[in-house]
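Examination of the molecular architecture
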Amino acid sequence: MNRIEQRFAELRGSRRTGLIPFVTAGDPHAEVAAAVDLLHALVDAGADLIELGMPFSDPMADGPVIQRANERALSRHVGLTQVLAIARGFRQRDAGTPLVLMGYLNPIEIRGFERFAGEAATAGVDALLLVDAPQDDAAAVAALAAYGLHLIRLVAPTTEPARMETLARRASGFLYFVSITGTTGAARADAGAIAAQVAALRRQSAVPVAVGFGIRDAADALAFADCADAVVIGSALVDDLQHAHDAADACARAARFIRPIRAALDARKAA
Amino acid sequence: MKPLRKTEVEIDYNDYPDAQGRFGDYGGVYVAETLVAPLRELTETYLELRDDPAFQAELAHDLRHYVGRPSPIYCAERLSREVGGARILLKREDLNHTGAHKINNTVGQAMVARRMGKTRIIAETGAGQHGVASATVAARLGLECVVYMGETDIARQAINVFRMKLLGATVVPVSSGSKTLKDALNEALRDWVTNVRNTYYIIGTVAGPHPYPLMVRDFNAVVGREARAQMLEEYGRLPDAITACVGGGSNAIGLFHAFLNDRRVRIVGAEAAGEGIATGHHAASLAAGRPGVLHGNRTYVLCDDDGQITETHSISAGLDYPGVGPEHAFLKDSGRAEYVGVTDAEAMQAFHLLARTEGILAALESAHAIAQAIKLARELPREGLVLCNLSGRGDKDVHTIAAREGIAL
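Below is a short write-up of the structure.

Reading guide: rules and limits
- Residues numbered from 1 in each chain as written.
- Chains lettered and ligands numbered in written order.
- Predicted model: local features only at pLDDT ≥ 70, side-chain atom pairs only at ≥ 80, totals over all residues.
- Heavy atoms only, no water.
- Helix = DSSP H or I, 4+ residues; strand = E, 2+ residues; numbered from the N terminus.
- Rg over C-alpha atoms; globule rule 2.2 N^0.38 Å.
- Buried < 20%, exposed > 50% of the residue type's maximum accessible area, 1.4 Å probe, protein only.
- Contact = heavy atoms within 4.5 Å.
- Buried area = accessible area lost by both parts, 1.4 Å probe.
- Salt bridge = Lys/Arg side-chain N within 4 Å of Asp/Glu carboxyl O.
- Polar contact = N/O pair within 3.5 Å; in protein donor to acceptor, adjacent residues only side chain to side chain.
- Core = buried A, V, L, I, M, F, W, Y, C linked by side-chain atoms within 4.5 Å.
- Axes fitted to C-alpha atoms, helices over the stretch in contact; angles between N-to-C directions.
- Parallel < 35°, antiparallel > 145°, perpendicular 65-115°, else oblique.
- Nonpolar A, V, L, I, M, F, W, Y, C, P; charged D, E, K, R; others polar.
- Pairing = 2+ DSSP bridges.

Focus on the overall build of chain A
Of the regular secondary structure elements, chain A holds 12 helices and nine strands. The globule rule puts the C-alpha radius of gyration for 271 residues at 18 Å, and the 17 Å found for chain A is close to it. Expressed as lengths along the three principal axes of its C-alpha atoms, the size of chain A is roughly 45 × 40 × 35 Å. Across the 271 residues in chain A, those meeting the buried criterion constitute 64%. Nonlocal contacts in chain A, meaning residues at least 24 apart in sequence, comprise 73% of its contacts between residues at least 6 apart.

A look at the interface of chain B and chain A
Each partner contributes residues to the interface: chain B has 37 residues there, and chain A has 34 residues. Of all residues in chain B, Glu33(B), Arg190(B) and Gln308(B) bury the most surface against chain A, accounting for 25% of the area lost on that side. Asp58(A) is the partner of Lys182(B) in a salt bridge, and the nearest nitrogen-oxygen pair spans 2.9 Å. Applying the counting criterion to the chain B and chain A interface returns 19 residue pairs in polar contact (both at pLDDT 80 or more). Broken down by secondary-structure element, the contributors of at least two residues to the side of chain B that touches chain A are helix 1 (36-50), helix 8 (181-195), strand 11 (290-294) and strand 12 (297-301) of chain B. With eight residues, the single largest contributor to the side of chain B that touches chain A is helix 8 of chain B.

Re the nonpolar core
Membership of the largest hydrophobic core comes to 204 residues, with the highest contact counts inside it found for Phe174(A) and Val112(B). Take this core: its biggest share by element is eight residues, from helix 12 (residues 247-270) of chain A. Setting aside residues no more than four positions away along its own chain, Phe174(A) makes contact with Ile4(A), Phe8(A), Ile20(A), Leu49(A), Val100(A), Ile152(A), Arg153(A), Val207(A), Pro208(A) and Ala210(A). Counting 35 residues, the second largest nonpolar core, distinct from the first, contains Ala76(B), Cys245(B), Ala369(B) and Leu376(B).

Remarks on the packing of helix 5 (residues 129-141) of chain B against helix 7 (residues 158-166) of chain B
All names here are of chain B. As a packed pair, helix 5 and helix 7 sit with axes 9 Å apart at the nearest point and diverge in direction by 10°. What the angle tells us is that helix 5 and helix 7 run roughly parallel. Contact with helix 5, carried on its side by Gln 129, Gly 131, Val 132 and Ala 135, involves Asn 160, Arg 163 and Met 164 of helix 7 and no other residues of that element. Class assignment of the residues belonging to the contact of helix 5 with helix 7 gives a composition of three nonpolar, three polar and one charged.

Considering the sheet that holds strand 7 (residues 170-174) of chain B
Remark on secondary structure: sheet strands pair via backbone hydrogen bonds, oriented parallel or antiparallel. Residues and elements named next belong to chain B. Strand order across the open sheet formed by four strands is 7-6-5-8, with parallel pairing between neighbours. Only two strands of the sheet have a single neighbouring strand rather than two, namely strand 7 and strand 8 (199-202). Across this sheet, the average inter-strand angle for adjacent strands is 25°, counted without regard to direction. Two strands pair when backbone bridges link them, and strand 5 (residues 120-125) and strand 6 (residues 144-150) are joined in this way by six bridges, in the parallel orientation. Bridge pairing links Ile 121 to Cys 145 in strand 6. Lying over the sheet, helix 5 contacts strand 5, strand 6 and strand 8, oriented at roughly 165° with respect to strand 5.

Details of the sheet that holds strand 9 (residues 241-246) of chain B
Residues and elements named next belong to chain B. One open sheet holds the six strands; their spatial order is 3-4-14-9-10-13, and the pairing between them is mixed. Where the open sheet ends on each side, the last strands, each with one partner, are strand 3 (73-75) and strand 13 (337-343). Pairs of neighbouring strands in the sheet enclose a mean axial angle of 30°, with direction left out of account. Direction of pairing for strand 9 relative to strand 14 (residues 385-390): parallel, over a ladder of three bridges. Of the residues in strand 14, the one forming a bridge with Ala 241 is Val 386. Against the sheet, helix 13 (residues 326-334) makes contact with strand 9 and strand 13, and its axis sits at roughly 110° relative to strand 13, the strand it touches most. Helix 15 (residues 364-379) contacts strand 4 (87-92), strand 9, strand 10 (266-274), strand 13 and strand 14 of the sheet and is inclined by roughly 150° relative to strand 9.

Examining the environment of Gln129(B)
Residues and elements named next belong to chain B. By secondary structure assignment, the location of Gln 129 is in helix 5. In sequence terms Gln 129 and Gly 318 are 189 residues apart; their C-alpha atoms lie 8.2 Å from each other. With sequence-adjacent residues up to four places away left out, Gln 129 is seen in contact with Thr 98, Gly 99, Ala 100, Lys 102, Asn 160, Arg 163 and Lys 396.

So, in structure tokens, the structure goes:
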């Protein structure tokens, strides 16, 4: 059993909703050690999986908060080499928390898709989520699978039913339901509007379903806990972390941000 | 294993793109999942309209009565004499309504938008010509229009910004990244992903995800179709060489497409070499870039070794773009077309020469094509014919030119 399956099995066993924070590599601090400490702080505060953004100059699907995080990271020269170093550093002290790299295709293509897949697997990465990669690209999926990496498929509110079924059938790791028609963090997600679609997706899929884009706090997370196996929180966290005055403060902020959400999700289970 | 490639002479260029929107290794659909269904719907609608005689008849009517087509081919006698080589012929797209080839595409796409029942038009613009052409067709159909434009471009194309406002459009300044065309495209894509249910995105060049490279090419291909017939009728033969400037590449593919299967016609695209390709300050994606993925398609891009898209430079806002249409990438690899760099200085020189010998102020974009036509004319004998797409007029650029030459207006 790989780390993602293992983690979702544990969540199911304890009837908990998964919590997946997103941070951009190199933001708010570029040093690899600081970035690794931040990821550990997220796990210590209650993260079940980690989504780590790979900086890109043209993040077309991202809202202003994550765009600026990308710009900050790039201004400190954080690219795929640093992302891999952060993954390796994280894995040295955490053998169990799944690590998903999220980003855009061009940096990976320029490095070489297969080369990067091999490097990511060696660094302890579990899955890639590529915003602008064709989700039915069999060659890319095969290249990732050869290294034991999952390609996380996304489903959006605009996805047509037949395609949703295909994506559910081919899903690997977990499915990511994009909760708003828009960019990351641009609007508050409405659980009522998408609950039926997420429920349908869960029925069709053998893998768990996470929901993200526009989930900001404990109240939002709770609203989606009824319909999803996990929730992703990105922009709101990134927005908070950018105000950190040093690496230790970033870790403290991460903990303060994640703990109440974790507590709310766990209290729901107990209720 | 890769499929065996056809040799250049075996290719029928009318066969591209394929059903997946691919021109050989290039093109395709590289977008966020939210846009997959809307693009499929757009593809279906467009392919239907493409074969619909009523749609094509209405388009032809509008091109004649609203745009002012056909545009003439003008023989630049004095320019040719001055250059001292082959005759230079100009396809006068600058005489179209709104002053550039861009209107050919927006008139067509506006009809597609209307068919799809969309109530809101968005567009990105660099030089402002596509923004003006989009605002124009939106006004004509009574649709809301929002145009994204980089802050750098707003500063250097103030006249076009005001024209868009006069036409009732909202111009949204884009302050991210390099504040030019690529960032305007990012922002337009973000708007579209958010408002896709009621919004039609008129992409202004032959880039973006399928079906845009096909659709924008089709709507601009009227330029080459007309030019080819005009050459046969007025000169009794095809030109020896044709040339156009290439930013995203819509005016170039518009001229080139009808000539692609005429293997004896030499085809040369002029990219913006800015301060010189060796300086790194340029926008020559084909001449100096590498295959990558940007703005929904696989094509040549200008990026660093980390895959980050690099900032480009050109005196002309319309060529200041780090990608290029995938069909041009295909034509470069197949060898059917050549792509060369023309510097800011060469474009300026050509601008002045054309103005003084022919009484035509060319757009700075088109001045790159004129510079290339001059080079080609010098290589050919006097009886040779070089056809150059004069894609737009230069009124919009007078402030940029004055500033560059230290003249206060």
